[in-house]
Each structure stands twice: as structure tokens, then as C-alpha cells.
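Fold and contact review
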Amino acid sequence: MSVYELAILGSPTEKERAVFAATIGEMIADFGLSVGTEVLLHDGQSALKRDPRNAFAAVYFGGAKEVDVDVANELKAASLPVIPTVDHSGDFADAIPPSLQFANGLRRRSDDTALTELSGAALECIGLLRAQRRVFVSYRRTESRAAALQLHDLLGSRGFDVFLDTHDIRPGEPFQDVLWHRLVDSDVVVMLDTPSYFASRWTRQEIGRARAKEIQVIRVIWPEHTPNRLMDMAESVYLDSQELLGPDGPIVDVTADSIVLRVERLRSMSIAARYMSITGKLRADVEKIGAAVEAVGAHRAIAVRLLNERLIWAYPIVGIPSAETLNDVATKARKAEQGEVPVLVYDHIGIRDSWIAHLAWLDEQIKAVKTIRVSEAGWALAGMDE
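Residues numbered from 1 in each chain as written. Predicted model: local features only at pLDDT ≥ 70, side-chain atom pairs only at ≥ 80, totals over all residues. Heavy atoms only, no water.

Its place among the elements puts S375 in the loop between β15 (370-373) and α12 (377-382). Through-space distance from the C-alpha of S375 to that of T331 is 25 Å; in sequence the pair is 44 residues apart. Apart from the residues within four sequence positions on either side, S375 is in contact with D285 and H348. (Helix = DSSP H or I, 4+ residues; strand = E, 2+ residues; numbered from the N terminus. Contact = heavy atoms within 4.5 Å.)

Structure representation (C-alpha cells):
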């Protein structure tokens, strides 16, 4: 049964349509989903036949002719997301119909032949990928500071929220608490693997804890450096001497751009792995208390039937919950007409104590959604069997 739907509108070439469909298929496979079953792909003729209960988004490929404009306008009128997109040399004012220019568009990069960035944006719109795009740069200041600053700025220009210790921890804040808090809320770690990277206990802990949280790592290996075999399973970029403009960077532009593109793809793999981990733990706890998982709905919602036949909709989330996250879950549950108060399930390990206290306060004040830690899911759900 389908729970997600995407539409390809406008004037894509046959190759662009096929590539977009293939990349979407690869990304959703990370979540155990497939095109044609859980995820449907529409064209302009079938887009308006969508199931209103499903999460939906459309991409509009701009071109010389205005194609599928009426369909896109009807979707817009229904407050459904439509992403206008043009190729790397296209002009939005000329290629995108005026009625669709209200939405921020995406200019496709010439080096992104797989349409990875566009596919990721579409999956954000239907809720498979979270809207927050967070990257953590792990490095030795003495060996790779210039490259770290370069990637911080480049990733930031591509829509990522990038954590760099020299930029993002204010004076007087507890350094390690903030660092771990930001790490567990990141989608990808960019590891600048220099000769003495593993000589620092802090960088060792950063990479170890990233792996413990199943956060994907892209390892950028310095020239003539033999990397630690413990990281052989990580996505790796081997720099040669011509790709590094100084001993600590920066990296030549074309290689830096390719690193950012790899981060884009790794992000969906990372979110999927962490989501699957949380749902696996949730399912195990549900079984322990004799309850049952009955269905999986849109926005990754999981229907749990308790022993008293009460139906609870649980929303596992990746990263750190906020008031915005709670509001988003409550809104999705209300639109799905689920009736019961939804339950947000999250992994609390690594989150600052002050933020845990903030979440406890939100739980007391906001009655439209309840939060539970995945490590206590069985205990908490059993307490709802009243």
C-alpha cells in the first residue's frame, strides 16, 4: 500500500525523468521502501488522482514551454509543495511559470548528474528526510583548519547547518556538552583524516560516538597518509598532493564540490539507518509488553495496538526534538485524522541535560503530543494501557 506520492511535472527530458526516478528509488530503498508500492511516481496526467491521505510533493522542471501549469497550480491551491527547478544554466524568470515563482527554486548543479540534491529536497517535502540539514566537521586544528573552514562555508552555502567548534560554541558554554549535543543532531560527519587525527582523544571520541549513533561518516584522507583501518567502512575521499593547496588546506574547488555532493547522498543513508534503528528498538519493546505493530503510515508513523485495544500512533524521529518538531507531529496526526494523541519517540543519548529538562517542560505544557525515549518505550506505552 502506498503512503508517499511524488509527481514529475513540467518539461524534463526522458533521461532526467528516468534519472530522478532511479535516484528516488535508491534513496527510499535505504528506508526499506520501493517505487510502485510504498512510493508512487506520477506525471502531469495522474498527479491529480493522488490519494489525499498520503504525503505528497511535486517537482516542476522548467523549460521553454509551459507544461502542466494547471496541474501545478491546482496542487499549489491545495497547499501541496511544488519545487521549481532549472538546469545549471537556466533562468527561473524565463523557465518557470509566474504562478510557481513564489516558491524557492532549485538550480541543478552540472556535476550532480544523478539529481541527488533535487531528490533529497523532494523526500524532505514528503517527510522521509527531515527538513534540518546538519553536518558535523571533525578535524585537528593543527593540521586541517583551512580545509575545515572552507567546507564549513561551502556546505553552508548549499543549505546545510554546519557545526565547527571554532564557530559554534560560545564563550562560557560547556564545550563537550555542546559538542556532543550537536553531534547527535547531525546527519553526516565530515572527518578530515590527517596524520595525527587519532592522536587526539577528542577526535577519537567524536568519530566513535558518531559510529555508535549510526551517523554516516565521509572520510577525507590527506595525501600520503595511511588511514586507520578502523574506518575502512566509511565513505572515503583520497586527496592527492595536487588537490591540497596548503598543508592544512584549502582543498581545490572541484574536489570540495564533489565532497559536498557525497554528503548530500550520505545524508539520506544516515537518516534511514538511524530511523531504522529507532523503529527496531520500538518494535522490540512493543513486543515485550504484548502489544503489536499494526501498520506504518505516512510521515513514518507507526500504529501500535495496546493490550486494551487502544491504538497509539508513534512517530520515531531522528535527532533532537524541539517545540517545532512537536508541532509538526501534532499537525501531521491531525491531518491524518488519527484521533489519539500522537507519541513522538526519540533517542535521548547525547542530548544536553538542559535540553532534556526543556523537553520535560514541553511535555507538561503541550497536550497535543507526547514524547517518550526509545530506551523507555515499552515502559511508557504500557503505562498508556488504561
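Moving on to the sheet that holds strand β13 (residues 311-316). One open sheet accounts for five strands, arranged β11-β12-β13-β14-β15; its pairing is mixed. Since the sheet does not close on itself, it has two edges, and those belong to β11 (292-296) and β15, each with one partner. Between one strand and the next, the sheet's axes are offset by a mean angle of 35°, whatever the strand orientation. One ladder, built from three bridges, connects β13 with strand β14 (residues 343-346); its direction is parallel. Opposite Y315, over in β14, you have L344 as the bridge partner. (Pairing = 2+ DSSP bridges. Axes fitted to C-alpha atoms, helices over the stretch in contact; angles between N-to-C directions.)

This part is about the packing of helix α1 (residues 14-29) against helix α4 (residues 116-125). Where α1 meets α4, the axes come as close as 9 Å, and the angle between the chain directions of the two elements is 60°. Judged by the inter-axis angle, α1 sits oblique to α4. Helix-helix and strand crossings are classified by hand; for α1 and α4 the assignment is right-handed. For the pair formed by α1 and α4, the contact residues are F20, T23, I24, M27 and I28 on the first element and T116, L118, S119, G120, A122 and L123 on the second. (Parallel < 35°, antiparallel > 145°, perpendicular 65-115°, else oblique. Left-handed = near helix turned anticlockwise from the far one by under 90°.)

Bringing the sheet that holds strand β2 (residues 39-42) into the picture now. Strand order across the open sheet formed by five strands is β2-β1-β3-β4-β5, with parallel pairing between neighbours. Each having just a single partner strand, β2 and β5 (106-107) make up the two edges of the open sheet. For strand β1 (residues 4-10) and β2, the ladder comprises four bridges, and the chain directions are parallel. Counterpart to Y4 in the pairing with β2 is V39.

Before going further, it helps to spend a moment on the environment of Q132. Turning to its location among the elements, Q132 is positioned in the loop between α4 and β6 (134-138). Its relative accessible area of 24% is what places Q132 among the partly exposed residues. For the pair Q132 and Q101, spaced 31 residues apart in sequence, the C-alpha separation works out to 23 Å. With sequence-adjacent residues up to four places away left out, Q132 is seen in contact with D187 and R267. (Buried < 20%, exposed > 50% of the residue type's maximum accessible area, 1.4 Å probe, protein only.)

It is worth spelling out the side chain of R300 at this point. Looking at the element boundaries, R300 is found in the loop between β11 and β12 (302-305). Buried and unpaired, R300 has no salt bridge, with D328 as the nearest side chain of opposite charge at 7.6 Å. Separated by 3.1 Å, the side chain of R300 and the backbone oxygen of L128 make a polar contact. With sequence-adjacent residues up to four places away left out, R300 is seen in contact with Y4, F31, G127, L128, I271, Y275, A314 and P316. (Lys, Arg positive; Asp, Glu negative; His and termini not counted. Salt bridge = Lys/Arg side-chain N within 4 Å of Asp/Glu carboxyl O. Polar contact = N/O pair within 3.5 Å; in protein donor to acceptor, adjacent residues only side chain to side chain.)

We now examine the pattern of salt bridges. Applying the stated rule across the entire model yields 22 salt bridges. R133 is paired through a salt bridge with E264; the nearest N and O atoms lie 2.8 Å apart. Taken together, the residues span a long stretch of sequence, with R133 in the loop between α4 and β6 and E264 in helix α9 (residues 253-288) at a distance of 131 residues. Taking the relative accessible area as the measure of exposure, E264 reaches 5% and is therefore buried. A salt bridge links D257 to R158, with the shortest nitrogen-to-oxygen separation between them at 3.2 Å. One end of the pair, D257, is in helix α9; the other, R158, is in the loop between α5 (141-157) and β7 (161-163), with 99 residues separating them in the sequence. In the salt-bridge network here, residues are joined through shared partners; they are E124, R130, R133, R134, D161, R182, D185, D187, E264 and R267.

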